[in-house]
Amino acid sequence: MSKIAIITGGASGLGLATASRLAQEGVNISVVDVNEEAGAKAVEQLKGQGVDAIFVKADVSKSADVKNYVDKTVEHFGTIDYFFNNAGISGSGKFFLDTDIEEIEKIVEINLFGALYGVRYVAEVMLKNGGGAIVNTSSSAGVTGQDSVVTYSATKHAIVGITKSMVAEYAKDGLRVNAIAPGPTETPMVKEFYEANPKMKENATSGIPQKRLGTPEEVAELVTFLLTSNANYINGEVIRIDGGFTNTK
Ligand code: NAD
């Protein structure tokens, strides 16, 4: 039987690369994103790869939208085996005291509440059906302190807390929850961020021991490993994928 995955932020970047990689394993995908046009394109691409895929439009910061993407996925596919809890935004890159309250609220609502609501509704279905695997997207800013990203970093550290504490509560019932902590990776989000802050790209690349940014495909490989049964005994881990970046901090 084909496995079923929900991927939030599935229309772009790490989410889309992972959807495509999981499709190579024959996994059917529910693509969740706020961007309808890109979501429809992603579904077309995945169907072209030979799997079944649906798009569910959602703003993950709204709990009703999150419940809806879970319901729509179960209606269409019957269950949820894998969840890549990944949608997120980076913020403007301003120093914290130059950041307005609206930006702080928006980052927390999408990155933290969005991730919490996702785990809340998806785990409920997984546990009812005997278990499942979740990968939450943290960041190198979720495992180290970095300037210009105070709010973002706060939300990504929180992802680590969600990951470890979910394992403490539900591993015994068949849930595996891990997190990834990517360093700067060449996705549309990062390209846009570095276009607005070119100095930061230079700083980031020179600070990475491998002297290059990561690729979405490299991250997709890790997420696929963590989600599929090959990683059966890996639980509550936060795996860095950053070319050595955070090891030198
Ligand atoms: P991206 O912008 O390419 O993709 C993010 C996707 O999320 C987009 O399709 C966007 O429409 C969607 N999205 C944004 N807000 C949403 C919302 N409220 N509801 C639903 N969907 C929403 O970015 P990416 O680089 O692939 O980022 C994916 C995740 O990886 C984010 O959580 C980001 O913080 C994290 N991350 C990225 C990097 C990196 O360098 N690219 C590094 C560490 C962590």
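This one's a predicted model, so the numbers in the text were calculated from it and none came from an experiment.

A.B. asks: So, the overall build of the chain: which residues are in play, and what are the values?
C.D. replies: Broken down by element type, the chain carries 8 helices and 7 strands. Taking 249 residues into account, the globule formula puts the C-alpha radius of gyration at 18 Å, and the chain, at 17 Å, falls close to it. With the C-alpha coordinates of the chain rotated into their principal frame, the extents come out at 50 × 40 × 35 Å. For the chain, the accessible area works out to roughly 11,600 Å², and carbon and sulfur atoms hold 52% of it. Both charge centroids of the chain, one from 23 positive and one from 30 negative side chains, sit 3 Å from each other.

A.B. asks: Break down the site of the ligand for me, with residues and values.
C.D. replies: For the ligand, the set of nearby residues contains 28 residues, the closest of which are Ser12, Asp33, Tyr152, Thr185 and Thr187. One of the backbone N or O atoms of Leu14 is found 2.8 Å from an oxygen atom in the ligand. Tyr152 places a polar side-chain atom, nitrogen or oxygen, 2.7 Å from an oxygen atom of the ligand. Bound to the protein, the ligand loses 92% of the 830 Å² it would expose on its own. Counting residues per element, the ones that place at least two in the shell around the ligand are α1 (13–24), α5 (150–170) and α6 (188–196). Considering every element that reaches the shell around the ligand, the biggest residue donor is α6, with 3 residues. Residues belonging to the shell around the ligand are distributed by class as follows: 13 nonpolar, 12 polar and 3 charged.

A.B. asks: Requested: an account of the pairing of strand β6 (residues 175–182), with residues and values cited.
C.D. replies: Across the 8 residues of β6, 8 count as buried, placing the element largely inside the fold. Of the two faces of β6, both are covered, the one formed by Leu175, Val177, Ala179 and Ala181 as well as the one formed by Arg176, Asn178, Ile180 and Pro182. Where strand β5 (residues 132–137) lies against β6, 6 bridges are found, and the strand directions are parallel. Its bridge partner being in β6, Ile134 is matched across the sheet by Val177.

A.B. asks: Describe the packing of aromatic side chains, with residues and values.
C.D. replies: One pass over the structure, following the stated rule, counts 1 aromatic pair. Between Arg120 and the ring centre of Tyr121, over which it is positioned, the NZ or CZ distance is 5.5 Å.

Conventions we followed
- The written sequence of each chain sets the order in which its residues are numbered from 1.
- Thresholds applied to this predicted model are a pLDDT of at least 70 for local features of residues and 80 or more for the giving and counting of side-chain atom pairs; totals over whole chains, interfaces and linings are not thresholded and use all residues.
- Calculated side-chain values reflect all of the structure's heavy atoms, with hydrogen atoms and water omitted.
- Where helices and strands are cited, they refer to DSSP runs of H or I of at least four residues and of E of at least two residues respectively, numbered from the N terminus.
- Each radius of gyration is computed over the set of C-alpha atoms, and the globule rule expresses the reference value as 2.2 Å times the number of residues to the power 0.38.
- The Shrake-Rupley method, run with a 1.4 Å probe, gives the accessible areas here. Residue values count only the displayed protein chains as cover.
- Charge convention: Lys and Arg are scored as positive, Asp and Glu as negative, and His as well as the terminal groups of each chain are ignored.
- Charged side chains are reduced to one point each, which is NZ for Lys, CZ for Arg, CG for Asp and CD for Glu.
- For this description, a residue counts as near a given molecule or strand if any of its non-hydrogen atoms is within 4 Å of it.
- Think of a polar contact as two N or O atoms within 3.5 Å of one another; within protein, one of them needs to be a possible hydrogen donor and the other a possible acceptor, and neighboring residues in sequence only count if both atoms come from side chains.
- Note that Gly is not counted as nonpolar here; it falls among the polar residues with everything else outside the nonpolar set of Ala, Val, Leu, Ile, Met, Phe, Trp, Tyr, Cys and Pro and the charged set of Asp, Glu, Lys and Arg.
- The classification of residues rests on relative accessible area computed with a 1.4 Å probe and restricted to protein chains. Under 20% of the type maximum is buried, over 50% is exposed, and intermediate values are partly exposed.
- Strand pairing is assigned whenever DSSP detects at least two bridges linking the two strands.
- The criterion for an aromatic pair is that two Phe, Tyr or Trp rings (for Trp, the six-membered ring) have centres within 6.5 Å, with stacked assigned to planes under 30 degrees apart, edge-to-face to planes over 60 apart and tilted to the rest.
- Geometrically, a lysine NZ or arginine CZ counts as sitting over a ring once it is within 6 Å of the ring centre and also within 35 degrees of the ring normal.

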